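# A closer look at the structure
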Amino acid sequence: MAKAKSAYVCQSCGTAHVRWQGRCEGCGEWNSVVEELVDSGVGAGPKMATAGGRPVALVPLSGETETAARVTTGLGELDRVTGGGFVMGSAVLVGGDPGIGKSTLLLQAAAALANQGKRVVYVSGEEAVAQVRLRAQRLGLGEANVQLAAETNVEIILATLQAGAAPDLVIIDSIQTLWTDRVDSAPGTVTQVRTSAQALTRFAKKSGAAIVLVGHVTKDGQIAGPRVVEHMVDAVLYFEGDSSHTFRILRGVKNRYGATDEIGVFEMTTLGLSEVANPSALFLDQRDTDAAGSAVFAGMEGTRPVLCEIQALVAPSPLGTPRRAVVGWDSSRLSMVLAVLETRCGVRIGANDIYLNVAGGLKVNEPAADLAVAAALISSLTNSPLPPETVFFGEISLAGGVRPVVHAALRLREAQKLGFKSAVTGKLGAGDGGGFRVSEYSELAELIGKIAARGRQSATGSGQPD
Ligand code: TYD
Ligand code: MG
């Protein structure tokens, strides 16, 4: 018998190495390389000879095809992200940190579909049937006709799914617990995860069922990251959130049947995940409108406007190298805004400790937040609260100019809906203002001057709210 060959495969990105090494050359991860047998390993197909190179019939691109049938869960935020429901015959990967609420969300979706009379199978590889039942009862979904199984072997799962009537939706929680007889590596390794995902994706295409695979994202390389199956599935959704906050965001990262710039917002309650139809109201909740250093940013998450509060604290620093701490925004972007303030607008701010926080635990990664950040910084530095009914958005250029950003009209409409009265931004195109009071600045220095002047007025007691 031939000696089984082994390769050293990174459990994070799947790169194969000739010998073991502490750091993966593919992704730079430490301690993620594990020995696996390659005989049946990475990329190996089923152990069957293909039928002697039989040609397939080639067809033209044009032709009649039905539009993809979907199962709509009725959970508005979930359907929004999938583009109108799970597509029959497709595989979806739902990734996220452990404990973020993936099982809860999918159990709710499963129950909603079962209540519509769909055949839904929930296979749990992590929890026993009793645990899933208990959770369902706690969520008030105990009566839903969801078919449960606690199983981790792919062959058994496939045999079970093929035995009865074809299911409409199959949920596999989670892909990391699955193992197949076909490969020899330990469960949870890249090879196992990949082969299992492949078998299930093939089942989805053949049977017409929608399959949802749950995958944990882990920082250490012990369990294969779901990234290795991203290219196999039709859609990838990431469920994110901060464990210290109750809201969760479901984000489409890849979608072969819809747009990827959609988000769904949920709130984790004692009765499971509830949809948040108006995320801005959630992020602006308990805002301290009189405090200096707080600015409301009219941002966009995908195609959806989301307002949030940006808080800055500028404090004199006792240290030679002042402290910079940023939560929810890019710290190099903060350095850039500080440099522009210092160099182009003549503001002495660099020697202070600076803390910046996006309230509510939201992560903002739009350059359009520059203007709100600059306003919050100056407001804190000069101890002058910004007008509470004003939103800010605009990108700051290195030359100190304020650049207009996309979707200005959407941002303004959302602000208006939430009771804001005015907006500060870059020069807008004609007609973007839509009846709202919009102050347009092309130079950052002008705005800084206005905020500082407000501070001086209120210090002398003659300040009129603008
Ligand atoms: P879970 O869905 O098990 O997370 P995942 O499958 O992503 O690992 O959710 C676990 C967390 O959710 C757990 O810490 C408790 C919390 N939770 C609630 O706050 N309310 C609820 O109704 C449920 C079911 C869970
Ligand atoms: Mg879970």
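Just above, that's the structure.
Presented here is an overview of the structure given in this document. All figures in this text were calculated on a predicted structure; none of them were measured in a lab.

## Considerations on the overall build of the protein chain
- Scanning the protein chain from N- to C-terminus turns up ten helices and 23 strands.
- Dimensions along the principal axes, computed over C-alpha positions, put the protein chain at roughly 90 × 55 × 50 Å.
- Residue pairs in contact within the protein chain that sit at least 24 positions apart in sequence constitute 66% of those at least 6 positions apart.
- With the model as given, the accessible surface of the protein chain reaches about 22,100 Å², and the carbon-plus-sulfur share is 53%.
- Between the centroid of the 43 positive side chains of the protein chain and the centroid of its 46 negative side chains there is a distance of 3 Å.

## Considering the sheet that holds strand 2 (residues 16-17)
- Strands sit in the order 2-1-3 across an open sheet of three strands; the sheet is antiparallel. Because the sheet does not close on itself, it has two edges, and the strands there are strand 2 and strand 3 (33-37).
- Here strand 1 (residues 6-10) pairs with strand 2 via two bridges, running antiparallel. Residue Tyr8 lies in a different strand from strand 2, and its bridge partner there is His17.

## Looking at helix 9 (residues 408-417)
- Of the positions making up helix 9, those classed as buried are Ala408, Arg411, Leu412, Glu414 and Ala415. Viewed along the axis of helix 9, the buried residues span an arc of 160 degrees, placing them on a single side of the element. Turned more than 90 degrees from where helix 9 packs its buried face, Arg413 and Lys417 sit exposed.
- In this structure, the buried residues of helix 9 make contact with helix 6 (279-283), strand 15 (294-301), strand 16 (304-316), strand 19 (390-392), strand 22 (422-425) and strand 23 (437-440).
- Directly beyond the C-terminal end of helix 9, a positive phi value near 90 degrees is found at Gly419.

## Examining the site of ligand 1
- Near ligand 1, the surroundings consist of 16 residues, among which Gly99, Lys102, Ser103, Thr104 and Thr269 are the closest.
- One nitrogen or oxygen atom from the main chain of Ile100 is found 3.3 Å from an oxygen atom belonging to ligand 1.
- Contact distances for ligand 1 include 3.0 Å between an oxygen atom and a backbone N or O atom of Gly101.
- The fraction of the free accessible surface of ligand 1 (550 Å²) that becomes covered by protein chains is 73%.
- Contributing elements (two or more residues each) for the shell around ligand 1: helix 2 (102-115), helix 3 (129-138) and strand 13 (263-269).
- The biggest single contributor to the shell around ligand 1 is helix 2, with three residues.
- In terms of residue class, the shell around ligand 1 is made up of five nonpolar, seven polar and four charged.

Calculation notes
- Residues numbered from 1 in each chain as written.
- Chains lettered and ligands numbered in written order.
- Predicted model: local features only at pLDDT ≥ 70, side-chain atom pairs only at ≥ 80, totals over all residues.
- Heavy atoms only, no water.
- Helix = DSSP H or I, 4+ residues; strand = E, 2+ residues; numbered from the N terminus.
- Contact = heavy atoms within 4.5 Å.
- Areas by Shrake-Rupley, 256 points an atom, 1.4 Å probe, with all protein chains shown as cover.
- Lys, Arg positive; Asp, Glu negative; His and termini not counted.
- Charge placed at Lys NZ, Arg CZ, Asp CG, Glu CD.
- Pairing = 2+ DSSP bridges.
- Buried < 20%, exposed > 50% of the residue type's maximum accessible area, 1.4 Å probe, protein only.
- Arc of directions from axis to C-beta.
- Near = heavy atom within 4 Å.
- Polar contact = N/O pair within 3.5 Å; in protein donor to acceptor, adjacent residues only side chain to side chain.
- Nonpolar A, V, L, I, M, F, W, Y, C, P; charged D, E, K, R; others polar.

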